[in-house]
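# Working through the structure, step by step
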Amino acid sequence: MMLIEFEERIPSWVLDQQTREVGLRGVAVARAVLQQSGKTSATPSSDVKKIKVATRL
C-alpha cells in the first residue's frame, strides 16, 4: 500500500546564488558550533560572538 505518491516535477522556484551562499554559510556556522559544543573550553558567549562575526555579509 502506498500512502503518498510523489510526482517528479520541475520546481516552480529556483534558489539564486546569494541565497545558496547564505545557506551554506549558515550550515558551516552550525557545524562549527556543534563541534565546539563538545569542548569544555568553549563558553556560550564565545560561541555567540563567533556566529555574529561569521554571518555578517
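Further up the page is the structure itself.
The text that follows walks through the structure, step by step, so that each part is easy to find. (Residues numbered from 1 in each chain as written. Predicted model: local features only at pLDDT ≥ 70, side-chain atom pairs only at ≥ 80, totals over all residues. Heavy atoms only, no water.)

Check the secondary structure of the chain and you find two helices and zero strands. Across the 57 residues that make up the chain, the buried fraction comes to 5%. About 5700 Å² of surface is accessible on the chain, with carbon and sulfur atoms providing 60% of the total. (Helix = DSSP H or I, 4+ residues; strand = E, 2+ residues; numbered from the N terminus. Buried < 20%, exposed > 50% of the residue type's maximum accessible area, 1.4 Å probe, protein only. Areas by Shrake-Rupley, 256 points an atom, 1.4 Å probe, with all protein chains shown as cover.)

We now examine helix α1 (residues 17–37). An ideal rise of 1.5 Å per residue puts 30 Å on 21 residues; α1 measures up with 30 Å between its terminal C-alpha atoms. A side-chain oxygen of the first residue of α1 lies 3.2 Å from the backbone nitrogen of Q18; this N-cap is D16. (Expected span 1.5 Å × (residues − 1). Polar contact = N/O pair within 3.5 Å; in protein donor to acceptor, adjacent residues only side chain to side chain.)

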